[in-house]
Amino acid sequence: MTGKYYILTLGCQMNKNDSERIKTILNNMDFLETEDYKESDIYIINTCSVRQTAEDRVIGIVKNLNEIKKKNKNFLVIITGCMPGRDKDLKEYKKFHKNVVDLYIPINEIYKIPELVKKYYKNIKYTINYTDYLDLEATREESFRAFVPIINGCNNFCSYCAVPYARGREKSRNFKSVINEVADLKKRDYKEITLLGQNVNSFNPIDLNECKSGDNPYNHPFACLLWEINKIGIPRIYFISSHPKDMSDEVIDALKLENMGNYIHLAMQSGSNSILKAMNRKYKIEDYLDRIDKIRRIRPEIAIGTDIIVGFPGESEEDFKETCNIYKKVKFDISYTAIYSDRSGTVASKMPENIKISSKKKKERRNILQKIMEDITLEKNQKYLNKKVSVLVDGKEGEYLKGNSEELKIVKFKGDDKLIGEIVDVYINKVQTWNLYGVLIKDN
Ligand code: SF4
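These figures come from a predicted structure and were not determined experimentally.

We now examine the overall build of the chain. Each helix and strand in the chain was counted, giving 13 helices and 18 strands. Its C-alpha atoms give the chain a radius of gyration of 23 Å, within 12% of the compact-globule value 22 Å for 444 residues. Dimensions of the chain, computed from the C-alpha atoms along their principal axes, are close to 60 × 60 × 50 Å. Of the contacts made within the chain by residues no fewer than 6 positions apart, 73% connect residues no fewer than 24 positions apart.

What follows is the structure in structure tokens.
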């Protein structure tokens with residue numbers, strides 16, 4: 001063993017999956033992962049830029065590392081993830097991080113890690129070759145469920161979002177590379193995959209035509225991918241995030257394929273057309289509702305989740321009411337509701353102060369929407385009562401095994417630990433807002 005490394009991952013599933021790829025690099029250099037950062041020789045922070053608070057947290061973490069740095073001159077601190085791509089802000093952060101951080105590496109340049117580490121550990125062997133960081137094999141934490149990135153970056157420039165600045169423009173992974181990874185996961189008996197990207201349905205790889213099977217019925221590249229992946233036979237396939245404007249009829253049609261999970265996430269952000277326009281979302285609420293109708297026509301029982309931002313600059317009481325009304329009309333299964341906060345460099349952050357919404361009002365609106373969501377979720381969950389649901393068991397909580405139904409509802413039941421990683425049927429006998437409880441059907 002050459003030394004030990006510690007990775008702190010902040011933010012979304014994409015970052016978690018990126019950290020699994022960083023582990024592959026460090027393991028290959030014969031470093032060992034440690035859960036105690038104080039005993040690490042390399043400390044990597046995989047950062048998130050979605051909210052200011054996430055970036056500010058990094059300042060505090062780096063400050064704490066100063067003491068270790070003083071004691072261990074070979075202690076390396078690397079910042080990767082979203083922050084290193086935000087050049088303008090990074091100048092500010094570098095002032096705080098002076099003398100502690102050794103390298104800022106945009107996530108798609110993590111190939112630089114071995115070169116840096118070699119300066120401090122002379123005899124390191126590094127044997128991995130790759131051109132696109134997404135082609136690096138992930139060191140997976142779970143042996144039954146995996147995230148598979150297919151695209152990185154975003155071209156959409158929603159007016160509130162820092163991601164296009166942090167991660168750059170969209171770059172699709174090669175079709176063949178995605179297919180190979182999924183086929184390998186199938187060989188290893190994985191039960192569930194989630195295709196990942198900031199905007200998965202604008203996936204457009206350069207090798208699409210040479211990789212697409214002759215009998216693939218679709219032309220839309222993402223629909224083509226779903227069809228090919230379905231053939232491989234992993235029992236549950238999900239994807240996140242998708243943009244409503246790229247949710248073509250073919251992608252919606254592909255939701256009916258045999259192995260597609262019974263859940264889709266489609267960010268609405270607001271129910272008001274004037275706010276959607278100010279957000280630069282490139283669709284009207286009528287278009288969004290049309291997509292939802294089509295999805296439900298293709299797959300009537302599908303669970304639908306969404307993202308909503310409350311308190312966007314200029315959001316009037318009327319705009320907010322429209323969001324609440326649309327929520328009640330669609331009856332989402334879940335919403336990740338965020339309070340708007342300025343992200344430096346974005347168009348929304350430069351909007352006039354006098355149209356910005358007070359923190360108090362934003363919190364009030366979030367609470368109202370939260371209550372609507374909880375009432376609707378509980379109401380919708382009643383349909384699972386006294387029914388059988390299929391569950392991928394992913395762990396234990398107290399006396400219960402727990403896992404996700406195909407609709408990504410959390411299901412708890414009693415059973416043997418050896419069922420972790422398996423898909424089983426559970427008969428539901430109690431429903432709550434966030435949990436369904438049941439009994440294992442014995443002939444699984
Ligand atoms: S689609 Fe919009 S919200 Fe999503 S990552 Fe791109 S710019 Fe950000």
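After presenting the structure, the write-up continues.
Taken together, the five strands give a closed barrel; going around it, the order is β14-β15-β16-β18-β17, and neighbouring strands pair in mixed fashion. On average, each strand axis in the sheet is tilted by 55° relative to the strand beside it, whichever way the strands run. Sheet topology places strand β14 (residues 388-397) next to strand β15 (residues 400-405); six bridges connect them, and they run antiparallel. Considered in β15, the bridge of V393 is made with G403.

For the rest of this paragraph, the subject is the site of the ligand. In the vicinity of the ligand, the contacting residues are C154, N156, F157, C158, C161, V163, P164, Q198, N199 and H243. Residue composition of the shell around the ligand, by class: six nonpolar, four polar and no charged.

Attention now moves to the packing of helix α12 (residues 317-330) against helix α13 (residues 359-381). Running from N to C, α12 and α13 cross one another at 15°; their axes reach a closest spacing of 10 Å. One element, α12, and the other, α13, form an angle in the roughly parallel class. α12 and α13 meet at a crossing whose hand is right-handed. Contacts between α12 and α13 pair F320, C324, Y327 and K328 from the former with R365, I368, L369 and I372 from the latter. In terms of residue class, the contact of α12 with α13 is built from six nonpolar, no polar and two charged.

Attention now goes to unusual backbone geometry. Cis geometry is adopted by the peptide bond preceding S241, which originates at I240 and carries an omega value of -5°. By the element assignment, S241 lies in the loop between β10 (236-240) and α9 (249-254). Phi is positive for K331, which is not a glycine, with a value near 55°. On the secondary structure map, K331 appears in the loop between α12 and β13 (334-339). The class for K331 is partly exposed, based on 14 C-beta atoms found within 10 Å.

Moving on to the sheet that holds strand β12 (residues 303-310). In a beta sheet, neighbouring strands pair by backbone hydrogen bonds and run either parallel or antiparallel. Taken in spatial order, the three strands make up an open sheet running β11-β12-β13, and their pairing is parallel. The open sheet is flanked by β11 (263-265) and β13, the only strands paired with a single partner. Along the sheet, successive strands turn relative to each other by an average axial angle of 15°, direction set aside. Here β11 pairs with β12 via three bridges, running parallel. For Y263, the partnering residue across the bridge sits in β12 and is A303.

Within a regular strand, side chains alternate between the sheet's two faces. Sheet analysis places β14 next to strand β17 (residues 423-431), joined by five bridges and oriented antiparallel. Paired with K388 across the bridge in β17 is Y427. In this antiparallel pair of consecutive strands, β17 and strand β18 (residues 435-440), the connection spans three residues.

Now for the domain arrangement of the chain. Domain boundaries assigned for the chain yield domain 1 (3-120), domain 2 (138-382) and domain 3 (385-440). Computed from C-alpha atoms alone, the centre-to-centre distance between domain 1 and domain 3 is 37 Å.

Along its 13 residues, helix α6 (residues 175-187) runs 18 Å from first to last C-alpha, staying within 8% of the 18 Å computed at 1.5 Å per residue. All of the buried residues along α6 are F175, V178, E181, V182 and L185. Viewed end-on, α6 has its buried residues packed into an arc of 135°, placing them on one side of the element. Away from its buried face by more than 90 degrees, α6 exposes N180 and K187. Next to the buried residues of α6 lie β6 (145-149), β9 (192-196), α7 (208-211) and α8 (221-232). Positive backbone phi, approximately 65°, marks D189, located one or two places after α6.

Next up on the list: the nonpolar core. Residues I42, V148, I150, I193 and L225 are the most contacted members of the largest nonpolar core, which totals 95 residues. Considering each element in turn, this core owes the most residues, six residues, to α8. In this structure, this core is formed jointly by two domains, domain 1 (3-120) and domain 2 (138-382), each of which donates at least three residues. In this view, L225 contacts I150, F175, V178 and F203; residues no more than four positions away in its chain are not counted. If you look at the next biggest cluster of nonpolar residues, it comprises twelve residues, including L392, V393, I428 and L436.

Attention now moves to the packing of α6 against α8. For the pair α6 and α8, interaxial distance at closest approach is 10 Å and the crossing angle is 25°. By the criterion of interaxial angle, the relationship of α6 to α8 is roughly parallel. Every pair of crossing elements has a handedness; the one defined by α6 and α8 is right-handed. Note on element contacts: α8 touches α6 through L225, E228, I229 and I232, opposite F175, V178, I179, V182, A183 and K186. Its residues assigned to classes, the contact of α6 with α8 comprises eight nonpolar, no polar and two charged.

About the thresholds
Residues numbered from 1 in each chain as written. Predicted model: local features only at pLDDT ≥ 70, side-chain atom pairs only at ≥ 80, totals over all residues. Helix = DSSP H or I, 4+ residues; strand = E, 2+ residues; numbered from the N terminus. Rg over C-alpha atoms; globule rule 2.2 N^0.38 Å. Contact = placed C-beta atoms within 7 Å. Pairing = 2+ DSSP bridges. Axes fitted to C-alpha atoms, helices over the stretch in contact; angles between N-to-C directions. Near = placed C-beta within 6 Å. Nonpolar A, V, L, I, M, F, W, Y, C, P; charged D, E, K, R; others polar. Parallel < 35°, antiparallel > 145°, perpendicular 65-115°, else oblique. Left-handed = near helix turned anticlockwise from the far one by under 90°. Buried ≥ 20, exposed ≤ 12 C-beta atoms within 10 Å, placed from the backbone. Domains from an automatic or database assignment. Expected span 1.5 Å × (residues − 1). Arc of directions from axis to C-beta. Core = buried A, V, L, I, M, F, W, Y, C linked by C-beta atoms within 7 Å.

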